[in-house]
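Tertiary structure, described
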Amino acid sequence: AMAGIVSALLVGDQAAIERADWDVFRATGVAHLMAISGLHITGLAWLAALCTASVWRRSDVWRSHRPWSLWLPTPQAARLVGLLVALAYAVFTGWGVPAQRTVWMLAVVTVLRWHGKRWPWPQVWLWVCTVVLAVDPWALLQAGFWLSFVAVGVLFASGSPVAEGAAPSPARLGWQRVASALWRTAHSLWREQWLMSVCLAPLSLLLFHQLSVVGIVANLLAVPWVTLVVTPLALAGVVWAPLWSLAAWALQPLAAGLQWLASWPWATLSVAVAPLPVAILGALGGVLLVAPLPPVVRVWGLPLLLPVLLWQAPRPPAGEFE
């Protein structure tokens, strides 16, 4: 079973994942991780950019003449390599629609940063949408398009999760700095998962008729583990095959934890699909709850969410059927 998940993470082949495993992934809201998703491609591009920046800055150490950063600034080199790695990985995994969408999004942002453009986030977000739809107009009919762009828009609108001035002081001891960085990272993960759960809940109910109640906890565990541990091991296995076994071994504790969460009696919520006006109001309520507004304004998003969660479809009278 773990070999099938590793295959899905490596080349996007989901055929080897068993039906029971898919049921667990859907019940816990982590099905988006068990394929070639935008999160994996972006994470790989980020790692490539980070390594490139580190090497680029130290190029004068092992070169006797001009360092590389004099003919190409380090940030631009890092973004370019990150984009090329994302493109290569997307092509390697079959150039699927989610992979294409991610590459185009990264390309637009890279071009803007390359030319020093600091546009407001709504303008960047709309430009990315325009490019993706110009390349693939049928994306409007795909659930993944709406989920991914709404998620990115929410993260844009919510701003940075770290308060200004919260960075650790250089005067602190090493363990204090590490503890502070871990706390900020955990707080950031919790905040982002809470934002995604609230904002995407009405959209998930509209598209899939189901909502994972334990999804926020499951994603807090699965997103960093799959993105930073399992997927890099699966990719490194292309160079050294024994790492595939290590990736499968790393998946076992995660799979056990997800099965335990999925076994809870209230792990998922299934409701009838609300009418479109009610669904739109629910989506607005989710956005209002996480918008950077005063709490007295954000709390009004709750009444907009309730009709979506409590909607009951018309039923035949007692003793009759349709």
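Residues numbered from 1 in each chain as written. Predicted model: local features only at pLDDT ≥ 70, side-chain atom pairs only at ≥ 80, totals over all residues. Heavy atoms only, no water.

1. A short note on the environment of glutamine 142
Mapped onto the elements, glutamine 142 comes out in the loop between α7 (121-135) and α8 (143-158). Overall, the relative accessible area of 26% leaves glutamine 142 in the partly exposed class. As for glutamine 142 and proline 98, which are separated by 44 residues in sequence, their C-alpha atoms are 9.9 Å apart. With residues up to four places along the chain from it excluded, the contact list for glutamine 142 reads Val97, Arg101 and Asp136. (Helix = DSSP H or I, 4+ residues; strand = E, 2+ residues; numbered from the N terminus. Buried < 20%, exposed > 50% of the residue type's maximum accessible area, 1.4 Å probe, protein only. Contact = heavy atoms within 4.5 Å.)

2. Focus: unusual backbone geometry
Look at histidine 209: it is not a glycine, yet its phi comes out positive at around 65 degrees. Examined against the element boundaries, histidine 209 turns out to sit in the loop between α9 (174-208) and β1 (210-212).

3. Some thoughts on the confidence of the model for the chain
Here the chain averages 81 in pLDDT, while 91% of its residues score no lower than 70. Put simply, helix α4 (residues 59-62) is where the chain has its lowest mean pLDDT, 62, and helix α11 (residues 242-262) is where it has its highest, 92. Below pLDDT 50 for its whole length, residues 160-173 participates in 15 contacts with residues either more than four positions away or in separate chains. (pLDDT = per-residue confidence, 0-100.)

4. A short note on the packing of aromatic side chains
Taken as a whole and judged by the stated rule, the model has 8 aromatic pairs. On the numbers, 5.1 Å between centres and 50 degrees between planes, the contact of tryptophan 264 with tryptophan 266 is tilted. Every member of this aromatic cluster is reached through a ring pair, and the members are Trp125, Phe145, Trp146 and Phe149. (Phe/Tyr/Trp six-rings, centres within 6.5 Å; stacked < 30°, edge-to-face > 60°.)

5. What about the nonpolar core?
Counting 30 residues, the largest nonpolar core has Ile5, Phe25, Val30 and Met34 as the members making the most contacts within it. Counting residues per element, the ones that place at least two in this core are α1 (2-11), α2 (19-28), α10 (215-236) and α11. It is α11 that provides the largest number of residues to this core, a total of 9 residues. Each residue touching phenylalanine 25, except ones within four places of it in the same chain, is listed here: Ile5, Ile17, Val30, Ala31, Met34 and Leu258. (Core = buried A, V, L, I, M, F, W, Y, C linked by side-chain atoms within 4.5 Å.)

6. What to know about the side chain of aspartate 136
Tracing the chain through its elements places aspartate 136 in the loop between α7 and α8. The buried charged residue aspartate 136 lacks any salt bridge, with arginine 101 as its nearest oppositely charged partner at 5.9 Å. Dropping the residues within four chain positions of it, aspartate 136 is found in contact with Val97 and Gln142. (Lys, Arg positive; Asp, Glu negative; His and termini not counted. Salt bridge = Lys/Arg side-chain N within 4 Å of Asp/Glu carboxyl O.)

7. Some points on the environment of leucine 189
Along the chain, leucine 189 falls in helix α9. Between the alpha carbons of leucine 189 and proline 224 there is a distance of 8.8 Å; along the sequence they are 35 residues apart. When sequence neighbours within four positions are dropped, the list of residues in contact with leucine 189 reads Leu220 and Pro224.

8. Thoughts on α2
Taken residue by residue, α2 has Asp21, Trp22, Val24, Phe25, Ala27 and Thr28 as its buried positions. On its buried face, α2 is in contact with α1, β1, α10, α11 and β2 (268-270). The first or second residue beyond α2 is glycine 29, which carries a positive phi of 75 degrees.

9. Points about the pattern of salt bridges
Scanning the model with the defined rule gives 2 salt bridges in all. In this structure, arginine 19 engages aspartate 23 in a salt bridge whose closest nitrogen and oxygen atoms are separated by 3.8 Å. Taken together, the residues span about one helical turn, with arginine 19 and aspartate 23 both in helix α2 at a distance of 4 residues. Take arginine 19: its relative accessible area is 65%, and that puts it in the exposed class. When its relative accessible area of 40% is taken as the criterion, aspartate 23 is described as partly exposed. We note a salt bridge from arginine 26 to aspartate 23, for which the minimum N-O separation is 3.9 Å. Remark: aspartate 23 and arginine 26 occur in helix α2; sequence separation between them is 3 residues, near one turn of the helix. Residues joined in a network through salt bridges with shared partners are Arg19, Asp23 and Arg26.

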